[in-house]
Amino acid sequence: DTGVSQDPRHKITKRGQNVTFRCDPISEHNRLYWYRQTLGQGPEFLTYFQNEAQLEKSRLLSDRFSAERPKGSFSTLEIQRTEQGDSAMYLCASSLHASIGETQYFGPGTRLLVL
Amino acid sequence: RKEVEQDPGPFNVPEGATVAFNCTYSNSASQSFFWYRQDCRKEPKLLMSVYSSGNEDGRFTAQLNRASQYISLLIRDSKLSDSATYLCVADSNYQLIWGAGTKLIIKP
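Quick caveat, the model's predicted, so the values are computed rather than measured.

Asker: Please give an account of the sheet that holds strand S3 (residues 19-24) of chain A that cites residues and values.
Answerer: Residue and element names in this part refer to chain A. Taking strand neighbours across the sheet as the criterion, the four strands line up as S1-S3-S8-S7 in an open arrangement whose pairing is antiparallel. The sheet is open, and its two borders are formed by strand S1 (5-7) and strand S7 (65-68), each paired with just one other strand. With direction set aside, neighbouring strand axes in the sheet form an average angle of 15°. Sheet topology places S7 next to strand S8 (residues 75-79); four bridges connect them, and they run antiparallel. Counterpart to Phe65 in the pairing with S8 is Ile79.

Asker: Go over the environment of Pro8(A), please, and point to the residues and values.
Answerer: All names here are of chain A. Structurally, the position occupied by Pro8 is in the loop between S1 and strand S2 (10-13). Classification of Pro8 by relative accessible area gives partly exposed; the value is 23%. As a C-alpha pair, Pro8 and Gln54 span 46 residues in sequence and 22 Å in three-dimensional space. Excluding residues within four positions of it along the chain, Pro8 makes contact with Thr20, Phe21, Gly109 and Thr110.

Asker: Please provide a residue-by-residue account of unusual backbone geometry, values included.
Answerer: Residue and element names in this part refer to chain A. Residue Pro8 follows Asp7 across a cis peptide bond; omega there is -5°. One non-glycine residue, Arg81, lies in the positive phi region at around 45°. When you line up the elements, Arg81 lands in the loop between S8 and strand S9 (88-95).

Reading the values: the criteria
- Residues numbered from 1 in each chain as written.
- Chains lettered and ligands numbered in written order.
- Predicted model: local features only at pLDDT ≥ 70, side-chain atom pairs only at ≥ 80, totals over all residues.
- Heavy atoms only, no water.
- Pairing = 2+ DSSP bridges.
- Helix = DSSP H or I, 4+ residues; strand = E, 2+ residues; numbered from the N terminus.
- Axes fitted to C-alpha atoms, helices over the stretch in contact; angles between N-to-C directions.
- Buried < 20%, exposed > 50% of the residue type's maximum accessible area, 1.4 Å probe, protein only.
- Contact = heavy atoms within 4.5 Å.

Next comes the structure, spelled out in structure tokens:
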């Protein structure tokens, strides 16, 4: 399977704990995006990388959230001191940025439940 | 006002019917537009890109109206398997902005 993969698929944690999610993009894709999606809403942009550089962060991304893409391949999203409001689906997408109109391909998501 | 707006639905449509829904975008500088399909508890999957000349893929037709700043999706001869949420996407300031989706339910 050469698509975008995410791990874990599901995570249940207690409020205050830290969690880390991993995303492996399609291998030749240079851009990687993180989104959050809650029920009945479209994906909300969190941040994105071009290769290893983090180029944009949403104001939604509080200081409890940090993302890395150390070698320009896989990425991790860490949430520290989780809150119940962090419960959502966290989606990763990748794309090949060549010109306008690039298409993003999504992984299956990590569903987070904070108790 | 949201940057990308869609009617949340649900649209309840009998199998075999034609259904159309629109999506409006606020950034007149947007250049790229997409329709994604999302099944319940699954990730979004690209349905089609929307080109300025309009494009068709089988039973699906997408149109762009720049003057009125909306894109449309038409589904002909709807199938039960078309039941899903359809997400509209437009680029804005080098990001993709997503609508909240339109829920479509095809009934036998």
